[in-house]
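# Geometric and topological summary
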Amino acid sequence: DSVAQGRGIKCSLCTKALKKMQALAGDNPDEAAVAAALQKGCRVLGRATGRLCQRLVKKYRDQITDGLQNGDTPWDICTAVGICQS
C-alpha cells in the first residue's frame, strides 16, 4: 500500500542521510560537529532528496543530534523518531 511504500522511501532516505551525517560528524562528535554534519549531510544528497532531508532535520534536530552524539545507529535514530518501523 502506498502509505507503507512512502514510509519505506522515507525510511531509506532517513537512514541514508544519517549514515552520511554520522560519517561527517566523526566519532564522539560535539554539538558543533553534529550541527555541521546535519547541514552538509543534506547538501550532498542532491536537490530533491536534500529538501526532504532538511525537513527531516528541522523536525527531529534534537533527536538526531542526541542519537549521533550517543553513537546510535542511523536505523535506531530513524526508528526512534517514527520514520522507520522495526
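This text follows the structure it describes.
Report on the accompanying structure. (Residues numbered from 1 in each chain as written. Predicted model: local features only at pLDDT ≥ 70, side-chain atom pairs only at ≥ 80, totals over all residues. Heavy atoms only, no water.)

### So, the side chain of Thr 15
Residue placement: Thr 15 occurs in helix H1 (residues 2-25). Residue class for Thr 15 comes out buried when judged on its relative accessible area of 13%. (Helix = DSSP H or I, 4+ residues; strand = E, 2+ residues; numbered from the N terminus. Buried < 20%, exposed > 50% of the residue type's maximum accessible area, 1.4 Å probe, protein only.)

### A few points about the nonpolar core
By size, the foremost hydrophobic cluster in this structure holds 23 residues, and its most contacted members are Met 21 and Ile 64. Those elements giving two or more residues to this core turn out to be H1, helix H2 (31-43), helix H3 (47-70) and helix H4 (74-80). When residues of this core are assigned to their parent elements, the largest contribution, seven residues, is made by H1. (Core = buried A, V, L, I, M, F, W, Y, C linked by side-chain atoms within 4.5 Å.)

### What about H3?
Helix length check: H3 (24 residues) gives 29 Å between terminal C-alpha atoms against 34 Å at 1.5 Å per residue, more than 12% under. Among the residues making up H3, those that are buried are Gly 50, Cys 53, Leu 56, Val 57, Tyr 60, Ile 64, Thr 65, Gly 67 and Leu 68. (Expected span 1.5 Å × (residues − 1).)

### Some words on unusual backbone geometry
Its identity is not glycine, yet Asn 28 carries a phi of approximately 50°, on the positive side. Exposure remark for Asn 28: the relative accessible area of 75% places this residue in the exposed category.

Geometry only, nothing functional implied.
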